[in-house]
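Examining the three-dimensional arrangement
Given next are the chains, with one letter for each unit.
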Number of protein chains: 2
Amino acid sequence: MVEGPARDSSAFAETGRPSATGPDVMKQYDLCVIGSGPAGQRAAIQAAKLGKRVCVVEKRHAIGGVAVNTGTIPSKALREAILDVGDRSVACPTMDDFAAVRKTLFANLKRSCSRVIGNEIETIEDHFANNNIDVAHGTGSFSDPKTIRIQTENDESFIKADYTLISVGTYPAQPNGVQFDGRTILSSDDIQEMTAAPHSMIVVGGGVIGTEYASMLQALGVKVTLIEGRQRLLDFVDSEIIEAFQYHVRQNGMTLRLGEKVTKIEVIDAVAGARTTDGTMAEAHLESGKTLRADTLLYCIGRQGATHTLCLENAGLEADKRGRIEVNENFQTATPHIYAAGDVIGFPALASTSYEQGRLAACHMFEQSCESISKLLPYGIYAVPEISMVGWTEGQLTAEGIPYESGIASYKEISRGHLLGAEFGMLKMLIHQESHTVLGVHAIGTGATELIHIGQAAIAFQATVEYFVNAVFNYPTLAECYKVAAMNGLNKLRGV
Amino acid sequence: MVEGPARDSSAFAETGRPSATGPDVMKQYDLCVIGSGPAGQRAAIQAAKLGKRVCVVEKRHAIGGVAVNTGTIPSKALREAILDVGDRSVACPTMDDFAAVRKTLFANLKRSCSRVIGNEIETIEDHFANNNIDVAHGTGSFSDPKTIRIQTENDESFIKADYTLISVGTYPAQPNGVQFDGRTILSSDDIQEMTAAPHSMIVVGGGVIGTEYASMLQALGVKVTLIEGRQRLLDFVDSEIIEAFQYHVRQNGMTLRLGEKVTKIEVIDAVAGARTTDGTMAEAHLESGKTLRADTLLYCIGRQGATHTLCLENAGLEADKRGRIEVNENFQTATPHIYAAGDVIGFPALASTSYEQGRLAACHMFEQSCESISKLLPYGIYAVPEISMVGWTEGQLTAEGIPYESGIASYKEISRGHLLGAEFGMLKMLIHQESHTVLGVHAIGTGATELIHIGQAAIAFQATVEYFVNAVFNYPTLAECYKVAAMNGLNKLRGV
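Cut-offs applied
- By convention here, each chain's residues receive numbers from 1 onward along its written sequence.
- Think of it this way: whatever chain is written first is A, whatever ligand is written first is 1, and the rest follow in order.
- Per-residue local features are limited, in this predicted model, to residues with pLDDT of at least 70; the limit for side-chain atom pairs, both in listing and counting, is 80 or more; totals at the level of whole chains, interfaces and linings are taken over all residues.
- Only hydrogens and water are removed before side-chain values are computed, so all heavy atoms of the structure are retained for them.
- Bear in mind that the domain bounds are from an automatic or database domain assignment.
- Relative accessibility decides the category of a residue: with a 1.4 Å probe and only protein chains considered, values under 20% of the type maximum give buried, values over 50% give exposed, and everything between is partly exposed.
- Secondary structure is summarised from DSSP: a helix means a run of H or I of at least four residues, a strand means a run of E of at least two, and numbering begins at the N terminus for each.
- For two strands to be treated as a pair, DSSP must find at least two bridges joining them.
- Looking down the strands as they point away from the viewer, one classifies a crossover as right-handed if the path from the first strand across the helix to the second runs clockwise.
- Note on definitions: angles span 0 to 180 degrees between N-to-C directions of axes, and those axes are lines fitted to C-alpha atoms, for helices only across the stretch in contact.
- Definitions for this section: a left-handed crossing has its near helix turned counterclockwise from the far helix by less than a right angle. A right-handed crossing has that turn clockwise.
- Whether two residues are in contact is decided by their heavy atoms, any of which lying within 4.5 Å being enough.
- Summary of the metric used: pLDDT quantifies the predictor's per-residue confidence within the range 0 to 100.

**What about the domain arrangement of chain A?**
Often, the extent of an interface is quoted as the loss of accessible area upon association of its parts. Taken domain by domain, chain A comprises domain 1 (27–172 + 304–365), domain 2 (185–301) and domain 3 (385–494). Between the C-alpha centres of domain 1 of chain A and domain 3 of chain A the distance comes to 33 Å.

Quick look at the structure:
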């Protein structure tokens, strides 16, 4: 089968370009991208813009990867819908209306979500078509280091590629002993299939996905218990921001079980008085001896690299036990002409960084000089409230012995914060004690993921805190936090 | 009376600082600020931070000026309330609910607005107290160029000041022949007193205030006709942005009457079938011969500088026929130790720029070097949709013969745009054809007033378009518009 003759396989989508090869010649590409999520998309487009022939292999019916189809976009659509309902609960004439809206939320969500996903897919397809990128639907695997087999239900075909990018993403890990049933025990992929909000939920895992869903569902009125093995949530985020986040969600009724390990998860018959629709409940046993029960349990520990179908051994590669592939700083695997990027290489597994990794990988392959700006990667966590950061954390600066001061602005000091009823938020600016350059910005609250890009530009251009002291901001905006934080930091630096 | 003995007048609010002067000595200040709006506040605080003794004279019961009490903040609170209702109309279970919410909007608004205004005033009072700034309630006027008389209902007092800042703001102009009655013929100050949305409204004047209120009320379902004497709205804003705005509001049912002058406005008996509550309607006659009728008419042409009570002649000054005071680039009036800033000096009359003018004036008085950053002033127009800009416009660049290209991003190309259902918005980046530096950014749509500050930082640091091509943005955010616009602009520059 290896190196077998290529056919004009149905696996190839039409891209409007006449095939240069006859039925008996294997198609030859400069780059084969396996997986059409953010990393794959950006690598494909970057390579095409450099004049390279590119084929993207996608095993799903729809392109876009987890980001578009089950992960980023659907979870953000859910989040928007929940925030809308939250606003309404404050102002709606009666609580009955609120209950009605809350009930129809998941039904409406499906509709609005399909529309957004459809738009996203269309945009990506347009980009591929405009850049003459071939798309082959089917499961890609290595026949040999430079030959990719594309398998559909009834057919197979082969292509040759000088370079390959593995951007296959991840799927929820399914540990032994956890019986996902899509009703009582859920993975994050099951959330979008929910038809109504449960009364209560145990969320296992306080990483990005677990924290986002736990806080969103809590905002919808679900009684949430979030269990995390470490002593805090999201350990890559600034500790003051996380302290504020944890305080806020606890104030709003979430139970956090930190430093706790789950030893057993099972489905039990509903106890008397439980508000469950199908007569069952989830029960989680903790190492510490506690037993927790809820209508539903969402298991968010770990995602597994989707590498099991790649036949990596045929390319001289292997994945680790979580299905992940190791790469060097240029995103090259152990086989140098094979690259990997996106969630399949692990942290931070955010769509934004995956796009960038894809771009950098493609530039490296084709010897295109390309600035890497890893120090300026923003992080956005779409929890409720949202969290964002760019640059150094206080922990990193202290560890490196870099002297800094922090300037803090609370949304409650800002007119826009009052107007939005978003007094909870805050923005922290880290400032070098001697040079006064801005080293990092950390924010929590409405609009944090947007706001952070002002700080990102400042850091990119080595701005000092004086820039923000002198700048004029539209009034009223949340951006004024930068000015207030800058003045606060400068006062501390002066000792006043 | 002039130079009469000062008394420990009730006009002075307690600031917690023991008076250094006895009852028979006139209080002596480095700076007297007349009017506690944005310009006055910032000047007072800047001077106090330089160790100066400052007194702020405010004739209203509450400090904060028009920005806090009747203008910026109340209009933005109304806007937020209307946008909330708009969202609800899409998702609320029944239209009856929507009608109910719409009906209670103005009642709820009063409450939420008072809360926001209360917070604002408290914040300003705190700042004044923390900086040992005296506040004197009463009408300030010049006894002589260095003596200010402070008049209350039953009392008067005098202070001496080396410098004075006139920051008295403006009030709605009341032209002859327009009979404001607060019910049928309204000034912008009357909007906050409305108890229900009218069925229809004629708005006279397409400046910032007229455009903001016209678009807001239209978003609430009011049938709006906006009349402007020029051929377009907001003539300082980029013409492509205004074209988009005008198209959008017209699509949503607003009638624009551009290039039309109003010759007569009167209150008439309601015609048969008119939906009016008090049996009257407004009628506007246009120079072109048309007659327009609506429930209500909002007159937004011109505001008058509130200088008539200042006794300017005692300070060697005079106002123009619109009550405005002329200043030089340092905000000095014809009497060099008397400065003026804020709305009272005219365009642009935005809270954000007034703050900056106040700061610059205080720095100049006390010979504090202080960067002026007038080229980087952002403009924010809180219409529906909102508009914002920073840097050069296309018109200015063309007039100066500076070669540029524009890069455009539509919100509908951005995932966040789809998620928000805000596909209408756009962001335009103006790029120098040779150096690739970013010269200006113009945006219309959700979040435009916040988004613009990213471009502002880029312009401040002479960033090139390549910064935005290479930057990683949180996904999904509206900030991604910068990347899309940058790529669009760069492609045009390359001719691809």
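**Notes on the pairing of strand β1 (residues 27–34) of chain A**
Note on strand geometry: in a regular strand, side chains alternate between the two faces of the sheet. All names here are of chain A. For β1, the buried fraction is high: six of the eight residues fall into the buried class. As judged from the seven bridges shared by β1 and strand β6 (residues 156–166), these two strands associate in the parallel manner. Residue pairing for β6: V33 is matched across the bridge by L165. Sheet analysis places β1 next to strand β2 (residues 54–58), joined by four bridges and oriented parallel. What sits directly across from V33, in β2, is V56. Handedness of the crossover is the feature at issue here: the chain leaves β1, passes through helix α1 (residues 38–49), returns alongside β2, and the resulting connection is right-handed.

**Points about the packing of α1(A) against helix α7 (residues 351–365) of chain A**
All names here are of chain A. Following both chains from N to C, one finds α1 and α7 inclined at 35°, their axes separated by 7 Å at the closest point. By crossing handedness, the relation of α1 to α7 is classed as right-handed. When α1 is examined against α7, the residues P38, A39, Q41, R42, A43, Q46 and A47 are found in contact with a partner set consisting of A351, S354, Y355, G358, R359, A362 and C363.

**Some details on the confidence of the model for chain A**
The predicted coordinates of low-pLDDT regions are not to be read in fine detail. Residue and element names in this part refer to chain A. Summary statistics for chain A give a mean pLDDT of 89 and a share of 91% for residues scoring 70 or more. Between residues 1–9, whose pLDDT stays under 50, and residues either more than four places distant or in other chains, the model counts 23 contacts. When the criterion is pLDDT under 50, residues 14–23 qualifies, and its contacts beyond four places in sequence or with other chains add up to eleven contacts. Reported confidence for the predicted complex is 0.89 by ipTM and 0.89 by pTM.

**With respect to the sheet that holds strand β9 (residues 200–204) of chain B**
Residue and element names in this part refer to chain B. Strands sit in the order β8-β15-β9-β10-β11 across an open sheet of five strands; the sheet is parallel. Each edge of the sheet is formed by a strand with only one pairing partner; in this case those strands are β8 (185–187) and β11 (255–258). Within the sheet, the average angular offset between the axes of one strand and its neighbour, ignoring direction, is 20°. Judged from the three bridges that link them, β8 and strand β15 (residues 296–299) form a sheet pairing that is parallel. Each bridged residue has a counterpart across the sheet, and for S187 the counterpart in β15 is Y299.

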